[in-house]
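Spelled out, the chains give:
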Amino acid sequence: MKASVENGKIVFRLPFFENHIAKSAGARWNATNKVWIAPLNEIVASHVVNCLPPGQVSAEIHSLCSPPPSIPPLSCDPSSVLKGVTLLPRQLEGIRKSWSMPGFAFFWVMGAGKTLSAISLAGLRNKYGLVHRLLVICPTSIKGVWAKEFARYADFPHTLHVHESGKPIPRGFSSAPFPVLVVGVEAMSVKSGPEVCKDFLSAGSSMAILDESSRIKHHNITRTQNILDLYQFAEYRLILTGTSITQGLQDLYTQMQFVDPRAIGEISYYSFKNKYCVMGGYKDKSIIGYTKTDVLLGKVRPFCDVVRKSDMKDLPVKSYQVREVSASRQQKEICKELKKNLKLIIGDKETSVKNVLEAMLRMQQVAGGFDGEGNPLAQNPKMAELIDLLEDFDGKAVIWSRFLPEIFAIRTSLEKAYPGSTMVMTGDTPQESRQQMVDEFQNNDSLRFFISNHAVGGAGITLTSATMAVYYSNTFNLEDRLQSEDRIHRIGQTQPCLYVDLVCDLLVDKTLTAAISRKTSLANFVSYSLSQGDSIDSLL
């Protein structure tokens, strides 16, 4: 017997050439007993059964493996569970492809209708008696969007509750007709969030939707582990994201583990990394490339549906523009001093990505017209350029800024030039007010400028009444940029969209713009530059 249960663990006794099976199951080597030991749970058991012949796996391990659910053919129109809308052909294709799969991924570009299609799929599974409750995990900023979309489109009995951390679930909710529980992904980082979700899913046949699933791409954080633990409680699972890969192929791992661990077939992230990633850089700790990508993507393909921008023929074109701004003498002097201080801190030590990014953060504030403490500088050339830009524009625009002092300064300047024209959404904006604000911006012609930071307004909301997005400042995360771009470029947009980057001629702004143009995060860009021998002076 190559795999059996001993003392509450799965124990492997394998010849050397089959040790990779134990490693892929996340097993650890026990040198004392000379065996491999792995946790005893359904996920690992299913993996073992798939990797070894039936006669080499104990009956106890086999007993842990739940048979796949019996799913009848989909014989009705997916639009039949929706009201006031007919699904597009590409959306219908994705739903039909996902129907027979307990776990599936909609890797659909932002604006392709992921939320609407997910509501249809959930309604169909309920209609066919496959699920009787639904959990939606999404960024806190878009919990209200899910509530609105269900109220607007779901043409089937349901009871929806938006959960707030620390508050109890309403009495009787779990036994209501098709309860839909919406939970913020941030709540999954604390103890109460996962407990609420497990209790809810365990109460009956269930489906779990993970919206913006790229939020769990990091395998070793508490939030990710807590969400992956929900796999065994939900008979059906669906993930939604338009940015499944931003750092590299490793982003797929945890997302597909939630969909179905059998998709990739590596229970251990380190086994996955050893198999598909090429390591290099300092002490070989950085991923510098990939191998066997055709094998990996071949495994993932049956479990997902991909919609790219090129597939959405009816969306208008996007165009990009960079407007360069000359820094003031004060800005240049401050950045020169910051770079000097960084060099003193580093001394003879090797330059770290962390040190460079910290200096860049301070310099980015300077480029936006503020010192490191949020105090305005004497001159702000970037703000002047923004006002000049908007003087020649008579439509609606979304203005993205990373820092709160910038956001409030932008509002003040625009209200001075165009009284009553701005709407500001930040982390201080109450959750219950955000969707109402979005609706008002969409429908009120006097509101011309929507000002927000990427973390709050960059995901899940629709701002298609605007045709221009201005980036006063960017974050260091590529996903933030990709998500925010598609707030104005999604289904419902009929006009060409213009994206304008205000770039100060300080090197920090130019480096960040270069990283965005190469579709990578600033951390990866800096790491690669340093590994190639580039100096601080080439980045700052």
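Quick summary incoming for the structure in this document. Not measured: the values here are computed from a predicted model.

## Overview of the overall build of the chain
Secondary structure assignment for the chain yields 20 helices and 19 strands. Scaling as 2.2 N^0.38, a compact globule of 540 residues should have a C-alpha radius of gyration of about 24 Å, and the chain matches this with 25 Å. In terms of principal-axis extent, the alpha carbons of the chain reach across some 75 × 65 × 45 Å. The buried share among the 540 residues of the chain stands at 54%. Of all intrachain contacts in the chain linking residues separated by at least 6 positions in sequence, the fraction that spans at least 24 positions is 71%. With the model as given, the accessible surface of the chain reaches about 23,800 Å², and the carbon-plus-sulfur share is 51%.

## Observations regarding helix 16 (residues 431-443)
Among all positions in helix 16, only R434, Q435, M437, V438 and F441 are buried. Mapping the buried residues of helix 16 onto a view down its axis gives an arc of 155°, with all of them on the same face. Residues of helix 16 that are exposed and point over 90 degrees away from its buried face: E432, Q436 and N443. Residues of helix 16 that are buried make contact with helix 6 (143-153), strand 15 (397-400), strand 16 (422-425), strand 17 (449-452) and helix 17 (454-457).

## Details of the packing of helix 13 (residues 353-367) against helix 19 (residues 507-517)
Taken N-terminus to C-terminus, the directions of helix 13 and helix 19 make an angle of 110°; their axes are 8 Å apart at the nearest point. Judged on the interaxial angle alone, helix 19 and helix 13 are roughly perpendicular. Between helix 13 and helix 19, the residues in contact are M360, M363, Q364 and A367 and V508, D509, T511 and L512, respectively.

## Remarks on the sheet that holds strand 6 (residues 133-138)
Taken in spatial order, the seven strands make up an open sheet running 7-8-6-9-10-5-13, and their pairing is parallel. Strands with a single pairing partner mark the edges of an open sheet, and in this sheet they are strand 7 (159-162) and strand 13 (304-307). In this sheet, neighbouring strand axes are inclined to one another by 15° on average, regardless of whether the strands run parallel or antiparallel. Here strand 6 runs beside strand 8 (residues 179-184); their pairing, made up of five bridges, is parallel.

## Description of the sheet that holds strand 19 (residues 497-504)
With parallel pairing, the six strands of this open sheet are ordered in space as 14-19-18-15-17-16. For this open sheet the edge positions go to strand 14 (318-325) and strand 16, each flanked by a neighbour on one side alone. Along the sheet, successive strands turn relative to each other by an average axial angle of 20°, direction set aside. Direction of pairing for strand 15 relative to strand 17: parallel, over a ladder of four bridges. Note that in strand 17 the partner of I399 across the bridge is I451. Its contacts with the sheet place helix 16 against strand 15, strand 16 and strand 17, and it is angled at close to 155° to strand 16.

## Let's talk about the side chain of K382
Looking at the element boundaries, K382 is found in helix 14 (residues 381-391). When its relative accessible area of 2% is taken as the criterion, K382 is described as buried. In contact with K382, not counting residues within four places along its chain, are V325, A367, G368, Y472, L502, C504 and D509.

## A few points about the layout of surface pockets
Here the largest pocket defines a volume of roughly 1,300 Å³. Going through the elements one at a time, helix 10 (269-276), strand 12 (286-290) and helix 20 (522-531) are the ones with two or more residues in the lining of the largest pocket. Partitioning the lining of the largest pocket into residue classes produces 12 nonpolar, 17 polar and seven charged.

Rules behind the numbers
Residues numbered from 1 in each chain as written. Predicted model: local features only at pLDDT ≥ 70, side-chain atom pairs only at ≥ 80, totals over all residues. Heavy atoms only, no water. Helix = DSSP H or I, 4+ residues; strand = E, 2+ residues; numbered from the N terminus. Rg over C-alpha atoms; globule rule 2.2 N^0.38 Å. Buried < 20%, exposed > 50% of the residue type's maximum accessible area, 1.4 Å probe, protein only. Contact = heavy atoms within 4.5 Å. Areas by Shrake-Rupley, 256 points an atom, 1.4 Å probe, with all protein chains shown as cover. Arc of directions from axis to C-beta. Axes fitted to C-alpha atoms, helices over the stretch in contact; angles between N-to-C directions. Parallel < 35°, antiparallel > 145°, perpendicular 65-115°, else oblique. Pairing = 2+ DSSP bridges. 1 Å grid on protein atoms, 1.4 Å probe; cavity = no way out; pocket = protein on both sides within 12 Å on 5 of 7 lines; lining within 4 Å. Points joined across faces, edges and corners; volume = space filled by probe spheres on them. Nonpolar A, V, L, I, M, F, W, Y, C, P; charged D, E, K, R; others polar.

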